[in-house]
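Architecture at a glance
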Amino acid sequence: MRPAVEARGLAKTYGDVAAVRGIDLDVAPGETFGFLGPNGAGKSTTIAMLCTLARPTGGSARVAGHDVVRERDAVRRNIGLVFQDQTLDLYLTAAQNLRFHAELYGVPRDELDGRLRRVLEMVGLWERRGSRVQTFSGGMKRRLEIARGLLHSPRVLFLDEPTVGLDPQTRASIWGYLGELRRAEDVTIFMTTHYLDEAEYCDRIAIMDHGELIALDTPEALKAGVGKDRVSLRTDDDAAAIAALRGRFGLTAGVQEGTVTFAVAGGERFVPRLFAELGVPIRSVNLARPSLDDVFMSYTGRTIRDAESAQRPAMPWIAGRAR
Amino acid sequence: MSADPATAPAAVRLPDGGRRHDLRAVTVVLRRELIRFWQDRMRIVIALVQPALFLFVLGSGLAALTSAGSGGFDLRTFLFPGVLAMSVMMPAMFSAGSIVIDREYGFLREMLVAPVSRTALVVGKCLGGAIVATGQGVLVLLLAPAVGISYGVAWMAAAIGLMFVLAFTLTALGVMVAGRIRSFQGFMALVNMLVMPMLFLSGAMFPLSGLPRWLTVLTHVNPLTYAVDAVRRTVFAHVDISERSRAVLAPGVHWGGWQVPVAAEVAIVAVLGLVLLAVAAAQFRRTE
């Protein structure tokens, strides 16, 4: 079976800024593929190229079997898009927004009513179909956009930061709907996020940093690759604890958010030794399995939050994206 | 374009694309324009204020001053065709301006990423704007008896047709401008800068006979002149007016010694509209 999305050496430079530096990837049909990285890593630019909204300056990509440059309309007919910023007509009702979309995408008329009901029920907005979008909350608007992106039965649904700016409860419900969607529809989901916990929902994730793919695997494999658990301690004397960890155990620790944090293999067997041998009073211990943040850290040497705060200026693509 | 059988899951039925698909796009963009117009009924009322002001306040106020010059002809009757043209101008521009707002609020993107030709989108927009603006003009047209012009099927139908052609051209002009302007404030400022001189130089407010040469040149390059003249001649064919007054108030547009016929005037406006439409479509095709 041909991949739903395939990229070979896909690159984009703006002037002399390389936003994406040659990406290779294959996404299998039916897969939920996550694109993870800090803001400015090149995720949005990549997705824009795959969606035919930005022209690659190098390499090639095919989506649903069509070349993103040479067969632009064919790609567009085969994809659904949910953007970071909403693109609804607030003065129209939910159903009117969807009907507008259906006409633009040429959804067969005899299928439209059934399809409309199906996607609206999937996101729990069927009852509100006659309400103007103006009256919707942020989460409802996003759900409506997801429904709209699915209306024309796309092969690949692209979601660019589908939950950004939403409260945790709404984020969870969006993920509930996306899970439902994977069961109900024959669709490949390609999404970007910078929420690490959300990447866990994906079948596979690609980690992107500075325009390059630095890792690509299932979340489990990526975490297993890190192999170490994360231990954080609250102690009476952090400096002494760090020195003792280095001296006695050969471990490098740092202070993060007021706790002494370090990575160690087999954490549950290490903690008893810690109490016995550290020599600095310990007030509390937290032991965590490797998270995607640890994965990110092991590949980039920093946490995703550090990467965010050291964020480079917005890509020209972002400034021009309303066009 | 046919689907690759290797990747086509059974559940997916692809839209056909092609001309019929473009036609659906034209229709739905147009329909949205009508829905939005109907929803914004306040705008309809507000858009009636300006024509009414010109007709009843300015027209009545200046009537005393000008009754000598117009040979006793009611100034409001003279102004009426110009006011009809004016009444479609603003709604046409507003329709076009909604593109700028759609861009600000993101909806333009939903349209631009769709697998339809940009030309179809622009055509739908211009037709929608033209219909909405003509509808607005029809409301003003219904005021005819208040300025001494009785209803009649033939002249009113002709006036509606003329307003539609004018409205289409103005919407196309607005869409072309909207393709380049990024803020609604900027758009409105530019539109005002265009509309007022066009209106003043069109013969909507005063007859174009006996103007200084430089003004005559300006009025001749103003497309609105031909639209206003065509509407005025259509309306005046229906009213009772002395030949002397007609010669002063509706002299027609002359190129050298040749009076441009109404059909040619309509053609000028329509062709300009199509050219502007083509430019606007090309502009939107270029943006990614």
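Residues numbered from 1 in each chain as written. Chains lettered and ligands numbered in written order. Predicted model: local features only at pLDDT ≥ 70, side-chain atom pairs only at ≥ 80, totals over all residues.

1. Regarding the overall build of chain A
Where we set the bar: A run of H or I in DSSP becomes a helix once it reaches four residues, and a run of E becomes a strand once it reaches two; helices and strands are each numbered from the N terminus. Exposure is read from a count of other C-beta atoms within 10 Å of each residue's own; the residue is exposed at 12 or fewer, buried at 20 or more and partly exposed in between. C-beta atoms are placed from the backbone. Note on contacts: residues are paired as contacts if their backbone-placed C-beta atoms lie within 7 Å.
What chain A contains, in helices and strands, is 13 helices and 14 strands. Judged by the C-alpha coordinates and their principal axes, chain A covers about 75 × 45 × 35 Å. Going through the 323 residues of chain A one by one, you find that 46% of them count as buried. Once local pairs closer than 6 in sequence are excluded, the contacts in chain A between residues at least 24 apart make up 71%.

2. Quick notes on the overall build of chain B
In terms of regular secondary structure, chain B is built from eleven helices and two strands. When its helices and strands are written in sequence order, chain B yields α-α-α-α-α-α-α-α-α-α-β-β-α. For chain B, the spread of C-alpha atoms along the principal axes amounts to about 85 × 40 × 35 Å. For chain B, with 288 residues in total, the buried portion stands at 46%.

3. With respect to the environment of Arg128(A)
Following the sequence through the fold, Arg128(A) ends up in the loop between helix H4 (109–122) and helix H5 (138–151). Sequence spacing of Arg128(A) and Ala95(A) is 33 residues, and the spatial spacing of their C-alpha atoms is 8.6 Å.

4. Describing the pairing of strand E13 (residues 259–264) of chain A
Residue and element names in this part refer to chain A. To keep things clear, this is the line we draw: In this description, strands pair whenever DSSP reports at least two bridges between them.
Of the two faces of E13, only the one carrying Val260, Phe262 and Val264 is buried; Thr259, Thr261 and Ala263 on the other face are not. Of the pairings in the sheet, the one linking strand E11 (residues 229–235) to E13 comprises five bridges and is antiparallel in character. Bridge pairing in E13 links Arg230 to Ala263. Here strand E12 (residues 254–256) folds back onto E13, and the loop between the two strands holds two residues, one of which, Glu257, carries a positive phi near 50°.

5. Side note on the confidence of the model for chain B
One rule of thumb: low pLDDT means the predicted coordinates there are not for detailed reading. Which entries qualify depends on this criterion: pLDDT measures the predictor's confidence residue by residue and takes values from 0 up to 100.
Chain-level statistics for chain B give a pLDDT mean of 86 and a share of 91% at 70 or above. Both scores are given for the predicted complex: the pTM is 0.80, the ipTM 0.83.

6. Re the sheet that holds strand E6 (residues 79–82) of chain A
Residues and elements named next belong to chain A. Selection rule: Inter-axis angles, ranging from 0 to 180 degrees, are taken between N-to-C directions of lines fitted to C-alpha atoms, where helices are fitted over the stretch in contact.
Read across the sheet, six strands follow the order E6-E7-E8-E3-E9-E10 without closing on themselves; strand pairing throughout is mixed. Each end of this open sheet is capped by a strand with a single partner; those strands are E6 and strand E10 (212–217). Neighbouring strand axes in the sheet, compared pairwise and without regard to direction, differ in orientation by 15° on average. Relative to strand E8 (residues 188–193), strand E7 (residues 156–160) is paired through five bridges, and the arrangement is parallel. In the strand pairing of E8, Asp160 is matched with Thr192.

7. As for helix H11 (residues 262–286) of chain B
Residue and element names in this part refer to chain B. Operational definition: An expected span of 1.5 Å times one less than the residue number is assigned to each helix.
Along its 25 residues, H11 runs 36 Å from first to last C-alpha, staying within 8% of the 36 Å computed at 1.5 Å per residue. For H11, the full list of buried residues reads Glu265, Val269, Gly273, Leu276, Leu277, Ala280, Ala281 and Phe284. Where H11 is buried, its residues meet helix H5 (118–141), helix H6 (153–178) and helix H9 (223–236).

8. A look at the packing of H6(B) against H11(B)
Residue and element names in this part refer to chain B. For the record, the criterion: Put simply, angles under 35 degrees are roughly parallel, angles over 145 are roughly antiparallel, angles from 65 to 115 are roughly perpendicular, and the rest are oblique. In this scheme, a crossing is called left-handed if the near helix is turned counterclockwise away from the far one by less than a right angle; it is called right-handed if the turn is clockwise. Classification convention: Asp, Glu, Lys, Arg as charged; Ala, Val, Leu, Ile, Met, Phe, Trp, Tyr, Cys, Pro as nonpolar; all other residues, Gly among them, as polar.
Running from N to C, H6 and H11 cross one another at 30°; their axes reach a closest spacing of 8 Å. The orientation of H6 with respect to H11, classified from their angle, is roughly parallel. Our pair here, H6 against H11, has a crossing hand that is left-handed. Of the residues in H11, those touching H6 at Leu162, Val165, Leu166, Phe168, Thr169, Ala172, Leu173, Val175 and Met176 are Val266, Val269, Ala270, Leu272, Gly273, Leu276, Leu277, Val279, Ala280 and Gln283. Of the residues contributing to the contact of H6 with H11, the split by class is 16 nonpolar, three polar and no charged.

9. Overview of the packing of helix H3 (residues 94–104) of chain A against H5(A)
Residues and elements named next belong to chain A. One can describe the packing of H3 onto H5 by two numbers: an axis separation of 9 Å at closest approach and a directional angle of 30°. Taken as axis vectors, H3 and H5 run roughly parallel relative to one another. By crossing handedness, the relation of H3 to H5 is classed as right-handed. Taking contact as the criterion, the partners of Ala94, Asn97, Leu98, His101 and Ala102 in H3 are, on H5, Leu144, Ala147, Arg148 and Leu151. Taken together, the residues of the contact of H3 with H5 sort by class into six nonpolar, two polar and one charged.

10. What about unusual backbone geometry?
Residues and elements named next belong to chain A. Of note, Thr52 is a non-glycine position whose phi angle comes to about 70°, a positive value. With respect to the helices, strands and loops of the structure, Thr52 is situated in the loop between helix H1 (43–50) and strand E4 (58–63). By the C-beta count within 10 Å, which is 24 here, Thr52 ends up buried.

11. Structural notes on the sheet that holds strand E1 (residues 5–14) of chain A
Residues and elements named next belong to chain A. Spatially, four strands are ordered E2-E1-E4-E5 in an open sheet, and the strand pairing comes out antiparallel. Looking at which strands have only one partner, the edges of the open sheet turn out to be strand E2 (17–27) and strand E5 (66–67). Relative to E4, E1 is paired through five bridges, and the arrangement is antiparallel. Among the inter-strand pairings, Arg8 is bridged to a residue of E4, identified as Ser60. Helix-sheet contacts for H1 involve E1, E2 and E4, and the interaxial angle to E1 is about 120°.

12. Notes on the environment of Gly97(B)
Residue and element names in this part refer to chain B. Within the fold, Gly97 resides in helix H3 (residues 75–104). Each C-alpha atom, one on Gly97 and one on Phe184, is 6.9 Å from the other, the two residues being 87 residues apart in sequence. Apart from the residues within four sequence positions on either side, Gly97 is in contact with Gly174, Ala178, Phe184, Phe187, Met188 and Val191.

13. Some details on the nonpolar core
Rules: Note on terminology: a nonpolar core is a set of buried residues of type Ala, Val, Leu, Ile, Met, Phe, Trp, Tyr or Cys, with members joined through C-beta atoms within 7 Å.
In this structure, Ala147(A), Val156(A), Phe158(A), Ala85(B), Leu166(B), Ala167(B) and Ala227(B) are the most contacted members of the largest nonpolar core, which totals 165 residues. Listed in part, the ten residues of the second largest apolar core include Val231(A), Ala253(A), Phe262(A) and Val264(A).

14. Topic: helix H9 (residues 238–249) of chain A
The terminal C-alpha atoms of H9(A) lie 16 Å apart, and with twelve residues this matches the ideal 16 Å at 1.5 Å per residue to within 8%. In the core, the buried residues of H9(A) are packed alongside E11 and E13 of chain A.

15. Topic: the confidence of the model for chain A
All names here are of chain A. Of all residues in chain A, 95% have pLDDT values of 70 or greater, and the mean over the chain is 85. When the elements of chain A are averaged for pLDDT, helix H13 (residues 316–319) gives the smallest value, 41, and H3 the largest, 95. For the stretch residues 312–323, pLDDT sits under 50, and the model shows 19 contacts to residues farther than four places along the chain or on other chains.

16. As for the environment of Gly139(A)
All names here are of chain A. With respect to the element layout, Gly139 can be found in helix H5. In the structure, Gly139 is positioned 27 residues away from Leu166 in sequence and 6.5 Å away in space, judged by C-alpha atoms. Among all residues touching Gly139, those that are not within four sequence positions of it are Leu166, Thr170, Ser173 and Ile174.

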